[in-house]
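Coordinate inspection notes
In case you want the letters, here they are:
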Amino acid sequence: MSKFFQRFYSTDFMIAYRFINHDNGILNNNRKKFTAFKNNFKYWYADPILYKFDNNIFMFYEAYNKRTKCGEIGVATVINNKVVNQQIILNEPFHMSYPFVFDVNNKIYMIPETSSVKKLLLYEAVNFPYEWKLSKVLLEDIELSDATLLKIKDKRYIFASKLFSTSPYSDELVLYTFDNNFNLIPHKNNPIITDNEFTRPAGRILKYNNKLIRVSQDCSNGGYGKALKFNEIIEISESCYQEKNISTILPEDIPINFHKKLTGTHSYGICDDFEVIDVRYSVFDIKKLLTFLYKLPYKIIRKSIKMAMS
C-alpha cells in the first residue's frame, strides 16, 4: 500500500478464539483456525484475560470505543463451546484496558491498565462478573501498563511495564511483591528487563510442561504489539529474576478465518480447552478520507497563493 493511501487507514484490534486440547495450543503450532470475536461499528476488542469461576470461563477484555477514543472493560462467558452474554461492565472517564482479574482471600479483584491517569487502580467485584467498585489506589504518579500477577506458594508478584521516557513504548519491566493489604514492595533489581522486545506483558503467566511462561509483546524499534514472546521464568525471588525466550509468535503464524492481513498481535491466554489471542489489522477509515477531501481545496488555494507570491 502506498504512503498516500495509508493516510486513509486506521489500526484496529480484534480478539480471536478456538477450542483445542489444552496441551496442543499455539506454542505447539496447532493449525486449527481461530474464530473472530467480531468487532462492531462502536467497538473493537483486545486484551483478552481469562478467569475461571464456578466451572465457567469468563473472558474479560478491552472494548475500545471508537467515538470517545477510550477503552472500556467488557466481559463474555464461555458456555458449551460458545462465547455468550457479552456486555460492558466498567466505564470510566479515562482509558482502560488489559483487565487482569484475580482472587485474594476469597475476593475477586481486577487491575485494569490505567496509565493515562498515572495511577495503578484496584477494583473489587461486587456482583461478579458484572459489578465492580474501586477498592484502592495502589500507586500514584507512575505510568504502569498491563499489570500481571503471579502467585508462587505464599508469595505474590506483580509484573508491569513502566514508561521511562517520552519515546513511544519505551518501557521497562518492573516487578513488585504485595501482601494481603495490597501494599506493594518494589523488587530490589528494578527494572528487571530493559529490552522492550520483551518488557511489556501480554497475558496471564502460563504453566506449561511444568514451567512458568511469561508472555510479552514485542514493542522494539518504536513498534507496538508486533509479535508475542514466550519467556520461561528461570528464577524469581525477592532479590533475583531471570528468564529466557523460548518461542516467538508472529502475525503470520496465527491461523484464522479472517480476510484481512494481520499486522500485529499483543495478548494471549488459555484456560482449559479455550484459547484466545488478539490480532491487529488495518481498516479503511471513511472519516479520514472525508477530512482530507474537506481540507483539499484550502490546501490548493494556499499553494496557489504561495506560488503567485514567489
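Attention here is on the structure that accompanies the text. The model shown is predicted, which means the values in this text are computed figures rather than measured ones.

About the criteria used
- Counting restarts for each chain: residues are numbered from 1 in the order of the written sequence.
- Only residues with pLDDT of at least 70 get local features here, since the model is predicted, and only at 80 or more are side-chain atom pairs given and counted; chain-wide, interface and lining totals rely on the full set of residues.
- Side-chain figures throughout are based on the complete set of non-hydrogen atoms in the structure, without hydrogens or water.
- Classification of ring pairs uses Phe, Tyr and Trp, with its six-membered ring standing for Trp, and accepts pairs whose centres are within 6.5 Å; under 30 degrees between planes counts as stacked, over 60 as edge-to-face, and the remaining range as tilted.
- Buried means the residue's accessible area, taken with a 1.4 Å probe over protein chains only, is under 20% of the maximum for its type, while exposed means over 50%, and partly exposed covers the values in between.
- When the NZ atom of lysine or the CZ atom of arginine is within 6 Å of a ring's centre and also within 35 degrees of its normal, the charge is said to sit over that ring.
- Secondary structure counts use DSSP, requiring at least four H or I residues in a row for a helix and at least two E residues in a row for a strand, with both numbered from the N terminus.
- Contacts are assigned to residue pairs with any non-hydrogen atoms lying within 4.5 Å of each other.
- One requirement defines pairing of two strands: DSSP has to find at least two bridges between them.
- Axis definition: a line fitted to C-alpha atoms, limited for helices to the stretch in contact. Angles are taken between N-to-C directions and run from 0 to 180 degrees.
- Whether a set of points on the 1 Å grid over the protein atoms alone is a cavity depends on a 1.4 Å probe fitting there but being unable to get out, while an open set qualifies as a pocket with protein on both sides within 12 Å along at least five of seven lines; lining residues are those with an atom within 4 Å of a point.
- Grid points are joined across faces, edges and corners, and a volume is the space filled by probe spheres set on the points.
- When residues are grouped by polarity, Ala, Val, Leu, Ile, Met, Phe, Trp, Tyr, Cys and Pro land in nonpolar, Asp, Glu, Lys and Arg in charged, and all others, Gly among them, in polar.
- Here, a salt bridge means any Lys or Arg side-chain nitrogen found within 4 Å of an Asp or Glu carboxyl oxygen.

Here we take up the packing of aromatic side chains. Counted by the stated rule, this structure contains 24 aromatic pairs. Between the aromatic rings of Tyr 43 and Tyr 45, the centroid separation amounts to 6.2 Å while the plane-to-plane angle is 25°, which identifies the pairing as stacked. With a centroid separation of 6.1 Å and 70° between ring planes, the pair formed by Phe 128 and Trp 132 is classed as edge-to-face. You'll find Phe 128 and Trp 132 in the same group, each marked buried. Three or more aromatic residues link up through ring pairs in this structure, and these residues are Tyr 51, Phe 53, Phe 58, Phe 60, Phe 128 and Trp 132. Here Arg 204 stacks its cationic end above the ring of Phe 100, 4.5 Å away from the centre of that ring.

So, about the side chain of Thr 77. Following the sequence through the fold, Thr 77 ends up in strand E5 (residues 70-79). Residue Thr 77 is classed as buried on the basis of its relative accessible area, which comes to 4%. Not counting chain neighbours up to four residues away, the residues in contact with Thr 77 comprise Ile 57, Phe 58, Lys 82, Val 83, Val 84, Asn 85 and Tyr 130.

For the rest of this paragraph, the subject is unusual backbone geometry. Following Phe 128, the chain continues to Pro 129 via a peptide bond in cis, the omega torsion being 0°. Tracing the backbone through its elements, the reader meets Pro 129 in the loop between strand E9 (119-127) and strand E10 (131-140). Across the junction of Asn 190 and Pro 191, the peptide omega takes the value -5°, indicating a cis bond. With respect to the helices and strands, the residue Pro 191 is situated in the loop between strand E14 (184-186) and strand E15 (200-201).

Among the secondary structure elements, Pro 255 is positioned in the loop between strand E19 (241-249) and strand E20 (262-264). On the accessibility criterion, Pro 255 (6% relative accessible area) is buried. Taking the C-alpha atoms as reference points, Pro 255 and Lys 32, 223 residues apart in sequence, are found 6.7 Å from one another. Non-local contacts of Pro 255, meaning those with residues more than four positions away in its chain, are made with Arg 18, Asn 30, Arg 31, Lys 32, Lys 33 and Phe 34.

Our focus in this paragraph is the pairing of strand E7 (residues 97-104). Of all eight residues making up E7, seven are buried, and the element is well covered by its neighbours. Where E7 lies against strand E8 (residues 107-113), six bridges are found, and the strand directions are antiparallel. Its bridge partner lying in E8, Asp 103 is registered against Ile 108. Remark: two residues form the turn of the hairpin made by E7 and E8, two consecutive strands paired antiparallel; Asn 105 in that turn has positive phi of roughly 50°.

In this section: the sheet that holds strand E6 (residues 82-90). Pairing is antiparallel across the open sheet formed by four strands, whose spatial order is E3-E4-E5-E6. On the outer flanks of this sheet lie strand E3 (43-53) and E6, each paired with one strand and no other. The average angle at which neighbouring strand axes cross in this sheet is 25°, direction not considered. Two strands pair when backbone bridges link them, and E5 and E6 are joined in this way by six bridges, in the antiparallel orientation. By the bridge assignment for E6, Ile 79 is matched with Lys 82.

Turning our eyes to something else, we now look at the sheet that holds E14. Strand order in the open sheet formed by four strands is E11-E12-E13-E14, with antiparallel pairing between adjacent strands. Strands at the two margins of the open sheet, each flanked by one partner only, are strand E11 (144-152) and E14. Taken pair by pair, the neighbouring strands of this sheet meet at an average axis angle of 30°, ignoring direction. Direction of pairing for E11 relative to strand E12 (residues 155-163): antiparallel, over a ladder of seven bridges. Of the residues in E12, the one forming a bridge with Ile 152 is Lys 155.

Space inside the largest pocket adds up to approximately 770 Å³. Lining the largest pocket we find 30 residues, and of these Phe 100, Leu 149, Arg 204, Ile 205 and Lys 207 sit closest to its centre. Counting residues per element, the ones that place at least two in the lining of the largest pocket are E3, E7, E11, strand E16 (206-208) and strand E21 (268-271). Here the lining of the largest pocket takes five residues from E3, the largest share from any one element. Partitioning the lining of the largest pocket into residue classes produces 19 nonpolar, four polar and seven charged.

Let us look at the pattern of salt bridges. Applying the stated rule across the entire model yields eight salt bridges. When the shortest N-O distance is used, the salt bridge between Arg 18 and Glu 275 registers 2.6 Å. With Arg 18 in strand E1 (residues 9-19) and Glu 275 in strand E22 (residues 274-284), this residue pair connects regions lying 257 residues apart in the sequence. Note on accessibility: Arg 18 and Glu 275 belong to one class, buried. Arg 214 is paired through a salt bridge with Glu 243; the nearest N and O atoms lie 2.8 Å apart.

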